[in-house]
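Chain residues, written in single-letter form:
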Amino acid sequence: DMEQAVRAFEQVIQKVPDSWAAGRARSGIGAIYGVKKEYDEARRTYSLLLRDYSPDGALCLQARWEIAKTYQEQENWEQAISAYKEIAEYHPWSALGLASPLVVAGLVHQHQGQPQGVDAYERAVRTYKRLVAQAPSKPSELQAKGYLAAAYQGMGQRNEAVQILAELERSS
């Protein structure tokens, strides 16, 4: 029973509010609300998690991703796009943060049309070029280049995408 699970998670939060377990319990409550399609409650829960457990980067990243997904599920594209942009800003070197500019570009292209979609892919290309230049390590640089190639592909600039992919192949 999901309500029983929510109550059990709430007990964990009450008993050990500043613990690792409490943060995971808050995330579990948000996930239950998401499954139940109670998206406002899910977002409220994940927002509390962001407020109360901000030092836990991985947990906050997942909470931001779940918030974005709730907006996407409700076809609230503007808020979903905003949430994915926030992920890219706060967690640029995480797998979800690296993927977010492409997710944004895809959503914009799909729901706002061709001209805005091209602009969004161009922003993604600029983001990935900046990340490549600022990469903290060679593996991070190569990962950002992979996303850069995908952004060029999304723009229909296949020659640029192939060039980046050839660079990646030479680097491996």
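Here's what I pulled together on the structure shown here. None of these values were measured; they are calculated from a predicted model. (Residues numbered from 1 in each chain as written. Predicted model: local features only at pLDDT ≥ 70, side-chain atom pairs only at ≥ 80, totals over all residues. Heavy atoms only, no water.)

### So, the nonpolar core
Considering soluble globular proteins, one finds that nonpolar side chains tend to be buried as a cluster.
Then, number 1: Ranked by size, the top nonpolar core spans 47 residues in total, and within it Tyr84 and Tyr128 carry the most contacts.
Then, number 2: Sorting elements by how many residues they give to this core places helix H4 (residues 57–73) first, with 8 residues. (Core = buried A, V, L, I, M, F, W, Y, C linked by side-chain atoms within 4.5 Å. Buried < 20%, exposed > 50% of the residue type's maximum accessible area, 1.4 Å probe, protein only. Helix = DSSP H or I, 4+ residues; strand = E, 2+ residues; numbered from the N terminus.)

### With respect to the pattern of salt bridges
Then, number 1: Counting across every chain of the model gives 11 salt bridges.
Then, number 2: Across the pair arginine 51 and aspartate 52 runs a salt bridge whose closest N-O atoms are separated by 2.6 Å.
Then, number 3: Note on aspartate 52: relative accessible area 32%, which makes it partly exposed.
Then, number 4: With a shortest N-O distance of 3.7 Å, lysine 138 and glutamate 141 are connected by a salt bridge. A residue pair is termed a helical-turn pair when its members lie 3 or 4 positions apart in one helix, as lysine 138 and glutamate 141 do in helix H8 (residues 138–155) at 3 residues.
Then, number 5: The class for lysine 138 is partly exposed, based on a relative accessible area of 46%.
Then, number 6: Judged by relative accessible area, glutamate 141 falls into the buried class, the value being 18%.
Then, number 7: One network of salt bridges, with partners in common, ties together Lys138, Glu141, Lys145 and Glu167. (Salt bridge = Lys/Arg side-chain N within 4 Å of Asp/Glu carboxyl O.)

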